[in-house]
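Per-entry structural report
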Amino acid sequence: MTRLLTATALAASALAMGGCALIESNVSGTTLSILEDGFTPPTLQIGDVDMVCGFATVNTPLVGAARNFYGDPSLMETVLLSSAGVCSENQALTEEMRYLRASREKRSDEALDARIAQKRLLALSADRQYTAFMRMKTKLEQKYFFKYGSNCPAFKRDFDEMVYLLGSVAGLQAMQNDIAAQQTVGVPTDTAPLVERAMGCLDNAKWWGTPQAARAVVWSIIPGGAEGKDVKGTFDANMTLAESKGVRLPHVMAAVAAQSGDDQPRLREVIKRFGTAKDFKVNKDYRLIDAIAQAQLQNISDRMWTQATGTRTPINSLGKFWDDKAGADIDADSFLK
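Residues numbered from 1 in each chain as written. Predicted model: local features only at pLDDT ≥ 70, side-chain atom pairs only at ≥ 80, totals over all residues. Heavy atoms only, no water.

A short note on the nonpolar core
What counts is decided by this rule: Only buried residues count toward a nonpolar core. Its members are Ala, Val, Leu, Ile, Met, Phe, Trp, Tyr and Cys residues joined through side-chain atoms within 4.5 Å. Working definition: with a 1.4 Å probe on protein chains only, accessible area under 20% of the residue-type maximum means buried, over 50% means exposed, and in between means partly exposed. Starting at the N terminus, helices and strands are each numbered in turn, a helix being any DSSP run of H or I of at least four residues and a strand any DSSP run of E of at least two. It only takes one pair of heavy atoms within 4.5 Å for two residues to be counted as in contact.
Core analysis: the biggest nonpolar cluster contains 76 residues, and Tyr148, Tyr164 and Phe235 have the highest contact counts within it. The leading source of residues in this core is helix 6 (residues 158-180), at 10 residues. If we skip the residues at most four places from it in the chain, Tyr148 touches Phe133, Met136, Lys137, Glu141, Tyr164, Ser168, Leu194, Val195 and Ala198. Within the second largest apolar cluster, 5 residues are counted, among which are Ala92, Leu121, Leu122 and Ala181.

Pasting the structure below:
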């Protein structure tokens, strides 16, 4: 009945639409299909996160303008907004490190200003990420006639599956960033359990262990969620899978869970594992996803280094720390020669 009503509504809409509007709709739909199936795969092969950040922030409004021509750009918006959320998270980290350095030097005004700027950028990130989540959820529910978090869609395209994954991860990030920004955006707190259930719809091996790793994040951050579950074992198994598949996104999730639980030994273990994975070969089709994972692990490492030493992680030192033998051998002055 739902399918019949939807089809009837679409048919009525098409009949009511004027000739020019119908042409605009067809052109808009074709353009979006080209972006989804033709432009997105080569973009995912790029390893330059900063370049993709610029592309996402500039082109999201342009893609969104397809609505003015009777198109629905929700899926492309999910991809772009998820990327833009990572960009503003990076900017928030820069402000957090400014806060840490100012605190070390007892410059209270500078520290307060940096903290305010950080929370504004976290709120911006949460807004982008939650919008990405809702665009994904609304569009795919309409397309596949299912209820997100209750039952599973029968995907017809890998692109739709990827959007489902990226939008879901963005939902988790939105909730965490909104909490850090004093819930400025108002992301619902039931987003995490909703995503946890929804991740069961994806082929875990196909998507580099990310669905199960995302579920483990939820188990670790929700009070009582880890009861009866092997959270560490789940992360370890899926990091191994990710390394074999060439996309190390589960490592970021394991690090986020360790950071949330203030488990510093585990956090160091995950970062070291990321930086020292033997015989790792990046998946060329999803190079960008692995590059984003590396950038996020680098951010966490930079935060730790700045808090301890006042500077970011030295060059080529991801997985090394200031107080271990490898870290002690690092000569910061050598980088200035």
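Back to the write-up after that little detour.
As for the packing of aromatic side chains
Put simply, the test is: Each pair of aromatic rings taken from Phe, Tyr and Trp, with Trp reduced to its six-membered ring, is defined by centres within 6.5 Å and is described as stacked if the planes are under 30 degrees apart, edge-to-face if over 60, and tilted in the remaining cases.
Within this structure, the stated rule accounts for 11 aromatic pairs. Centroid distance Tyr148 to Tyr164: 5.5 Å. Interplanar angle 55 degrees. Geometry classified as tilted. Residue Tyr148 is located in the loop between helix 5 (108-144) and helix 6, and its partner Tyr164 is located in helix 6; the two are separated by 16 residues in the primary sequence. With a centroid separation of 6.0 Å and an interplanar angle of 70 degrees, the aromatic rings of Trp207 and Tyr286 are classed as edge-to-face. Of this pair, Trp207 sits in the loop between helix 7 (191-198) and helix 8 (210-221) while Tyr286 sits in the loop between helix 11 (264-276) and helix 12 (287-309), and the two are 79 residues apart along the sequence. As far as the burial class goes, Trp207 and Tyr286 line up, both buried. An aromatic cluster of three or more residues is present, and its members are Tyr130, Phe133, Tyr144, Phe146, Tyr148, Phe155 and Tyr164.

Some words on the pattern of salt bridges
The condition is simple: We define a salt bridge as a side-chain nitrogen of Lys or Arg found within 4 Å of a carboxyl oxygen belonging to Asp or Glu.
Tallied over the entire structure, the rule returns 20 salt bridges. Ionic pairing is found between Asp236 and Lys232, a salt bridge with its closest N-O pair at 2.9 Å. In this pair, Asp236 and Lys232 both sit in helix 9 (residues 231-245), 4 residues apart, roughly one turn of the helix. We classify Asp236 as buried; its relative accessible area is 18%. Here Arg268 ties to Asp323 by a salt bridge, and the two come within 2.9 Å at their closest N and O atoms. A residue pair is termed long-range when its members are at least 10 positions apart, and Arg268 in helix 11 and Asp323 in the loop between helix 12 and helix 13 (325-328) qualify at 55 residues. The class for Asp323 is partly exposed, based on a relative accessible area of 48%.

A word on the packing of helix 4 (residues 74-104) against helix 6
Helix packing for two helices is described by the angle between their axes and how far apart those axes are. Under the convention used in this document: Lines fitted to C-alpha atoms define the axes here, with helix axes fitted over just the stretch in contact, and angles between the N-to-C directions of these axes take values from 0 to 180 degrees. Take the far helix as the reference: if the near one is turned anticlockwise from it by less than a right angle, the crossing is left-handed, and if turned clockwise, right-handed. Throughout, the ten residues Ala, Val, Leu, Ile, Met, Phe, Trp, Tyr, Cys and Pro are labelled nonpolar, Asp, Glu, Lys and Arg are labelled charged, and all others, Gly among them, are labelled polar.
Taken N-terminus to C-terminus, the directions of helix 4 and helix 6 make an angle of 35 degrees; their axes are 9 Å apart at the nearest point. In this structure, helix 4 crosses over helix 6, and the sense of that crossing is left-handed. Together, Leu75, Met76, Thr78, Val79, Ser82 and Glu89 of helix 4 and Phe159, Asp160, Met162, Val163, Leu166, Gly167, Ala170, Gln173 and Asn177 of helix 6 make up the contact between the two elements. For the contact of helix 4 with helix 6, the per-class residue count stands at 8 nonpolar, 5 polar and 2 charged.

Quick word on the state of the cysteines
As a reminder, the rule being used: Sulfur atoms of two cysteines make up a disulfide when they are within 2.5 Å.
For the structure shown, the criterion picks out 2 disulfides. The partner cysteine of Cys53 in its disulfide is Cys87, sulfur to sulfur 2.2 Å. Between Cys53 and Cys87 the sulfur-sulfur dihedral comes to about -105 degrees; the bridge is accordingly left-handed. You can see Cys53 sitting in helix 3 (residues 49-64) and its partner Cys87 sitting in helix 4, a full 34 residues away along the chain. Residue class for Cys53 comes out buried when judged on its relative accessible area of 11%. Between the sulfur atoms of Cys152 and its disulfide partner Cys201 the distance amounts to 2.0 Å. Residues Cys152 and Cys201 share a disulfide whose torsion about the S-S bond is about -80 degrees; that sign makes it left-handed. With Cys152 in the loop between helix 5 and helix 6 and Cys201 in the loop between helix 7 and helix 8, this residue pair connects regions lying 49 residues apart in the sequence. Disulfide partners in the protein, listed by the sequence order of the bonded cysteines, are 1-2, 3-4.

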